[in-house]
Amino acid sequence: MPPRVPASLWSRLREDEWPTLAEMLRGGRPTVHGWVWAVLAFPCTWGLTLPLLVLYPLARSARIRARRLFPVSGHRHHEDPEVARAQRARAWIAVVVSVLVLVVYGEAEDLGQAQEQYFMRWAVTPWLLLVSGPVVVALVHRMASPQARERMRLPLRTARRSALWYVGALAVSPLAAVLVIATAPVVPEDLAMLFAPVTFLSFLLTTWVMLFMLFSTGRAVRSGFNSAQVHAALPALLTGVVVWEFAIVGLCTGGLPPGPPPVQVCVFLAGPLSVTALAWWEIDRLRTRRGVSLRD
């Protein structure tokens, strides 16, 4: 049997668990690279390298926790290549249409508004899922048969735990910052050094939470907080609900897209309608090809 070739450093960075800091410095070899010692030997580089040496273990820890809460396969219980291809095609068509509308009818402020809408989507979508997700799950749970409800019990706990982790991480960072800001004015100057470790730990906690949100938000949204483990149709149902909720939020905050009224209405409705059609097509394929119904 040929000896196993160790995975390269870059291939390990694509895995669920990143290598440790010591393995990063060694590059997978038994000794530390010479260039690492050369960089660390010059004090002028410490201002860059030392923060990176502190940041990498935090990023590794946050990424491992995010991958365990929201695994790669958590967004779909049954993989359907045709549905995935249709979803990718729809996404690219939406991008092309949006760019064409901005080029033909848009102005400078419309471009800035489109950028705001993009970033707002990432900020608002998790909250929409957290608000509407329990309602949709409760309806599906009520429609299910008694046997299916019993099977849903354990996956519901997993989904609930992942959602609570996400909300808790989102709440910890502001609370830590408020605590430091609120206690700073009342701390005497001669005791300020004693509170420096508390401030540093608050900074590390805030940084870890921000990294955790960075690594987990995309997967949490795609999986509907692991709702696919509760019922295979839930990710599609949640997608169809959230896309209309976000369309209403975008309409209230940014108004209709640029262009004549017929173009505005068509562009505004095309996105939610196409996503909803794909979601129902996915649910129909689950029923006809996998035997998955909303009651089972």
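Residues numbered from 1 in each chain as written. Predicted model: local features only at pLDDT ≥ 70, side-chain atom pairs only at ≥ 80, totals over all residues. Heavy atoms only, no water.

Trainee: Please explain the overall build of the chain as it appears in this structure.
Mentor: The secondary structure content of the chain amounts to 10 helices and 0 strands. For the chain, with 296 residues in total, the buried portion stands at 33%. Total accessible area on the chain is roughly 18,700 Å²; 70% of this is exposed by carbon and sulfur atoms. (Helix = DSSP H or I, 4+ residues; strand = E, 2+ residues; numbered from the N terminus. Buried < 20%, exposed > 50% of the residue type's maximum accessible area, 1.4 Å probe, protein only. Areas by Shrake-Rupley, 256 points an atom, 1.4 Å probe, with all protein chains shown as cover.)

Trainee: Is there a simple way to think about the confidence of the model for the chain in this case?
Mentor: Detailed reading of the predicted coordinates is not advisable wherever pLDDT is low. Mean pLDDT for the chain: 77, with 73% of residues reaching 70 or above. Mean pLDDT per element in the chain: helix H3 (residues 34-41) is the minimum at 50, and helix H10 (residues 261-290) is the maximum at 88. Low confidence marks residues 1-6, where pLDDT is under 50. Its contacts with residues over four positions away, or in another chain, come to 0 contacts. The model gives residues 28-35 a pLDDT under 50, and that stretch makes 8 contacts with residues more than four places away or in other chains. (pLDDT = per-residue confidence, 0-100. Contact = heavy atoms within 4.5 Å.)

Trainee: What's the story with helix H6 (residues 108-143) in this structure? I'm lost.
Mentor: Along an α-helix, residues three or four positions apart point the same way, because every turn accommodates 3.6 residues. The end-to-end C-alpha distance of H6, which contains 36 residues, comes to 49 Å, matching closely the 52 Å that a straight helix rising 1.5 Å per residue would cover. At Ser-132, H6 is bent by approximately 35°, the largest bend along its length, and proline Pro-134 sits one to four residues beyond. Among all positions of H6, only Asp-110, Gln-117, Thr-125, Pro-126, Leu-128, Leu-129, Leu-130, Ser-132, Gly-133, Val-136, Val-137 and Val-140 are buried. (Expected span 1.5 Å × (residues − 1). Bend = angle between axes of the 7 residues up to and from the residue.)

Trainee: Before we go on, may I ask you to explain the environment of Ala-144 in this structure?
Mentor: With respect to the helices, strands and loops of the structure, Ala-144 is situated in the loop between H6 and helix H7 (146-183). Note: C-alpha distance between Ala-144 and Ser-293 (149 residues apart in sequence) is 8.9 Å.

Trainee: Is there a simple way to think about unusual backbone geometry in this case?
Mentor: Most of the time, phi is negative for any residue but glycine, and the peptide bond is trans. Residue Phe-225 is not a glycine yet carries a positive backbone phi of 55°. Looking at the element boundaries, Phe-225 is found in the loop between helix H8 (192-223) and helix H9 (234-254). The buried category is assigned to Phe-225, whose relative accessible area is 5%. The phi dihedral of Asn-226 falls on the positive side, at around 65°, and the residue is not glycine. Here Asn-226 is to be found in the loop between H8 and H9. Judged by its relative accessible area of 3%, Asn-226 falls in the buried class.

Trainee: Before we go on, may I ask you to explain the packing of aromatic side chains in this structure?
Mentor: Given two aromatic rings, their pairing is described by the distance between the two centres and the angle made by the two planes. For the coordinates displayed, the defined rule picks out 5 aromatic pairs. Ring plane angle 55° and centroid distance 6.5 Å describe the contact between Trp-165 and Trp-208, whose orientation is recorded as tilted. Separated by 43 residues along the polypeptide, Trp-165 in helix H7 and Trp-208 in helix H8 bring together distant segments of the chain. We classify Trp-165 as partly exposed; its relative accessible area is 32%. By relative accessible area, which is 17% here, Trp-208 ends up buried. (Phe/Tyr/Trp six-rings, centres within 6.5 Å; stacked < 30°, edge-to-face > 60°.)

Trainee: Got a minute to help me understand a nonpolar patch on the surface in this structure?
Mentor: A surface patch of nonpolar side chains, amounting to about 630 Å² of accessible area, comprises Trp-92, Val-95, Val-99, Val-103, Val-104 and Tyr-105. Turning to its location among the elements, Trp-92 is positioned in helix H5 (residues 81-105). When its relative accessible area of 61% is taken as the criterion, Trp-92 is described as exposed. (Patch = residues over 30% accessible without salt bridge, like charges linked within 9 Å, V, L, I, M, F, W, Y side chains within 5 Å. Salt bridge = Lys/Arg side-chain N within 4 Å of Asp/Glu carboxyl O.)

Trainee: Even after reading the chapter, I still don't get the side chain of Ser-223, so can you show me in this structure?
Mentor: In this structure, Ser-223 sits in helix H8. For Ser-223, the side chain forms a polar contact with the main-chain oxygen of Ala-220, separated by 3.5 Å. (Polar contact = N/O pair within 3.5 Å; in protein donor to acceptor, adjacent residues only side chain to side chain.)

Trainee: Explain the packing of H5 against H10 here, please?
Mentor: Each pair of packed helices can be described by the angle between their axes along with the distance between the axes. One can describe the packing of H5 onto H10 by two numbers: an axis separation of 11 Å at closest approach and a directional angle of 175°. As summarised for this structure, H5 and H10 are arranged roughly antiparallel, according to the angle between their axes. Across the interface between the two elements, Glu-82, Val-83, Ala-86, Gln-87, Arg-90, Val-101 and Tyr-105 from H5 touch Val-263, Val-267, Gly-271, Ser-274, Val-275, Leu-278, Trp-281, Glu-282 and Arg-285 from H10. (Axes fitted to C-alpha atoms, helices over the stretch in contact; angles between N-to-C directions. Parallel < 35°, antiparallel > 145°, perpendicular 65-115°, else oblique.)

Trainee: In this structure, what is going on with the packing of H6 against H9? I would like to understand it.
Mentor: At their nearest, the axes of H6 and H9 sit 7 Å apart, and the two run at 135° to each other. Classed by the angle they form, the pair H6 and H9 counts as oblique. In this structure, H6 meets H9 at a crossing whose hand is right-handed. By residue class, the composition of the contact of H6 with H9 is 14 nonpolar, 8 polar and 2 charged. (Left-handed = near helix turned anticlockwise from the far one by under 90°. Nonpolar A, V, L, I, M, F, W, Y, C, P; charged D, E, K, R; others polar.)

Trainee: Just to check I follow, could you spell out the environment of Val-172 for this structure?
Mentor: Examined against the element boundaries, Val-172 turns out to sit in helix H7. Spatially, the C-alpha atom of Val-172 lies 9.8 Å from that of Ser-202, the residues being 30 residues apart in sequence. The residues touching Val-172, leaving out its near neighbours within four places in the chain, are Leu-205 and Val-209.

Trainee: Sorry if this is basic, but what is going on with the nonpolar core here?
Mentor: Among soluble globular proteins, nonpolar side chains are generally buried collectively. Ranked by internal contacts, the top residues of the largest apolar core, which has 43 residues, are Phe-212, Phe-225 and Leu-234. Secondary structure elements with two or more residues in this core: helix H4 (46-69), H6, H7, H8, H9 and H10. Ignoring any residue separated from it by four or fewer positions in sequence, one finds Phe-225 in contact with Phe-70, Pro-126, Leu-129, Leu-130, Ala-159, Ser-162, Ala-163, Tyr-166 and Ala-220. (Core = buried A, V, L, I, M, F, W, Y, C linked by side-chain atoms within 4.5 Å.)

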